[in-house]
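Structural features, examined
Listed below, chain by chain, are the residues.
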Amino acid sequence: MTGYILLIISAVLVNNFVLTRFLGICPFLGVSRKMGTALGMCGAVLFVLTSASAVTWLVYHYFLHPNGLIGADLTYLQTIAFILVIASFVQLVELALKKTMPRLHASLGIFLPLITTNCAVMGVAVLNVQLEYTFSKAVVFGFAAALGFSLALIIFTGLREKIDLAHPPRAFQGVAIALITAGLLSLAFMGFANMVN
């Protein structure tokens with residue numbers, strides 16, 4: 001149990017995929033202007049990352065690994081197989097949002113399908129294989145990585161909303177102040193660096 005708690009703390013705070021590994025920056029910067037949109041993206045990433053972690057682990061160990069059901073070494077197909085799994089889950093989320101919450105679907109725009117190419121999602125799937133996690137650890141790691149992404153996105157969105165009300169100098173408005181804020185937030189998360197090895 002302690003191992004799972006440390007894994008969650010590590011993925012959320014210490015090795016946050018956005019703020020310390022710098023993966024998933026595109027949706028992080030793209031949907032962080034309004035809290036409602038950011039929360040929608042958090043839910044989508046939480047579902048896709050957790051589900052994709054479970055299914056990619058199964059695909060790798062049962063179909064691609066030499067000791068799997070097929071018995072051949074198909075590990076060279078890992079990237080293609082993982083992208084297909086991730087894209088399938090993203091399409092599922094997109095269809096569900098389009099049907100149930102069309103306004104949220106419209107506000108997420110192009111950033112919803114970009115979850116497919118979100119390097120944080122692919123990074124978690126690849127790390128699950130490289131770190132040789134068990135199935136349960138892979139799912140917990142995927143869920144914790146999504147929580148870390150969500151925490152960073154919610155904090156960053158709150159900061160951007162406050163900054164927009166503060167009317168920064170003209171040279172810093174827009175993307176400039178967003179990147180400076182993201183850098184400062186990243187430095188704040190670096191304070192957790194030695195919390196878990």
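Residues numbered from 1 in each chain as written. Predicted model: local features only at pLDDT ≥ 70, side-chain atom pairs only at ≥ 80, totals over all residues. Heavy atoms only, no water.

**Considering the overall build of the protein**
When helices and strands are tallied, the protein shows eight helices and zero strands. The linear arrangement of helices and strands in the protein, starting from the amino end, is α-α-α-α-α-α-α-α. Relative to the compact-globule value of 16 Å for 197 residues, the protein shows a C-alpha radius of gyration of 18 Å, a close match. Projecting the C-alpha coordinates of the protein onto the three principal axes gives extents of approximately 60 × 45 × 30 Å. For the protein, long-range pairs separated by at least 24 residues make up 75% of all intrachain contacts whose partners lie at least 6 apart in sequence. The distance from the centre of the 10 positive side-chain charges to the centre of the 5 negative ones in the protein is 13 Å. (Helix = DSSP H or I, 4+ residues; strand = E, 2+ residues; numbered from the N terminus. Rg over C-alpha atoms; globule rule 2.2 N^0.38 Å. Contact = heavy atoms within 4.5 Å. Lys, Arg positive; Asp, Glu negative; His and termini not counted. Charge placed at Lys NZ, Arg CZ, Asp CG, Glu CD.)

**A word on the environment of Leu-104**
Considering the arrangement of structural elements, one finds Leu-104 in helix H5 (residues 102-108). Here the alpha-carbon distance between Leu-104 and Leu-39, two residues 65 residues apart in the chain, equals 9.7 Å. Apart from residues lying up to four places away in sequence, Leu-104 is in contact with Gly-36, Thr-37, Gly-40 and Leu-97.

**Some thoughts on the side chain of Thr-56**
Among the structural elements, Thr-56 can be located in helix H3 (residues 35-64). Within the structure, Thr-56 has its side chain in polar contact with the backbone oxygen of Ser-53 (distance 3.4 Å). Sequence-distant contacts of Thr-56, that is, excluding residues within four places in its chain, are made with Phe-82, Val-85 and Ala-125. (Polar contact = N/O pair within 3.5 Å; in protein donor to acceptor, adjacent residues only side chain to side chain.)

**Remarks on empty space enclosed by the protein**
Summed over all chains, the structure comprises one cavity of 30 Å³ or more. The computed volume of the largest cavity comes to approximately 30 Å³. If you go around the largest cavity, the residues you meet are Phe-17, Val-45, Leu-49, Asn-118, Ala-120, Val-121, Ala-145 and Phe-149. Looking at the lining of the largest cavity, the elements with two or more residues in it are H3, helix H6 (119-130) and helix H7 (135-166). For the lining of the largest cavity, a count of residues per class yields seven nonpolar, one polar and no charged. (1 Å grid on protein atoms, 1.4 Å probe; cavity = no way out; pocket = protein on both sides within 12 Å on 5 of 7 lines; lining within 4 Å. Points joined across faces, edges and corners; volume = space filled by probe spheres on them. Nonpolar A, V, L, I, M, F, W, Y, C, P; charged D, E, K, R; others polar.)

**What to know about the packing of H3 against helix H4 (residues 78-100)**
With their axes 9 Å apart at the nearest point, H3 and H4 run at an angle of 145 degrees to one another. Here H3 runs over H4; the crossing is right-handed. Together, Ala-44, Phe-47, Val-48, Ser-51, Ala-52, Val-55, Thr-56, Val-59, Tyr-60 and Leu-64 of H3 and Gln-78, Ala-81, Phe-82, Val-85, Ile-86, Phe-89, Val-90, Leu-92 and Val-93 of H4 make up the contact between the two elements. Taken together, the residues of the contact of H3 with H4 sort by class into 16 nonpolar, three polar and no charged. (Axes fitted to C-alpha atoms, helices over the stretch in contact; angles between N-to-C directions. Left-handed = near helix turned anticlockwise from the far one by under 90°.)

**Focus on the nonpolar core**
Considering soluble globular proteins, one finds that nonpolar side chains tend to be buried as a cluster. Formed by 55 residues in total, the largest nonpolar core has its most connected members in Phe-28, Met-41, Val-48, Ile-115, Phe-141 and Leu-153. The element that contributes the greatest number of residues to this core is H3, accounting for 12 residues. (Core = buried A, V, L, I, M, F, W, Y, C linked by side-chain atoms within 4.5 Å. Buried < 20%, exposed > 50% of the residue type's maximum accessible area, 1.4 Å probe, protein only.)

**Looking at the pattern of salt bridges**
In the structure shown here, the tally under the stated rule is one salt bridge. With its nearest N and O atoms 3.9 Å apart, the salt bridge here joins Arg-33 to Asp-164. Highlighted residues: Arg-33 in the loop between helix H2 (25-30) and H3 and Asp-164 in helix H7, separated in sequence by 131 residues. Relative accessible area serves as the criterion here: at 38%, Asp-164 is assigned to the partly exposed category. (Salt bridge = Lys/Arg side-chain N within 4 Å of Asp/Glu carboxyl O.)

**Thoughts on the side chain of Thr-181**
Along the polypeptide, Thr-181 turns up in helix H8 (residues 175-189). Excluding residues within four positions of it along the chain, Thr-181 makes contact with Phe-156, Leu-159 and Ile-163.

**A closer look at a nonpolar patch on the surface**
On the surface, a cluster of nonpolar side chains totalling about 600 Å² of accessible area is made up of Phe-22, Phe-172, Ile-180, Leu-184, Leu-187 and Met-190. The residue Leu-187 is located in helix H8 in this model. (Patch = residues over 30% accessible without salt bridge, like charges linked within 9 Å, V, L, I, M, F, W, Y side chains within 5 Å. Areas by Shrake-Rupley, 256 points an atom, 1.4 Å probe, with all protein chains shown as cover.)

Take it as geometry only, folks, not as evidence of what the structure does.
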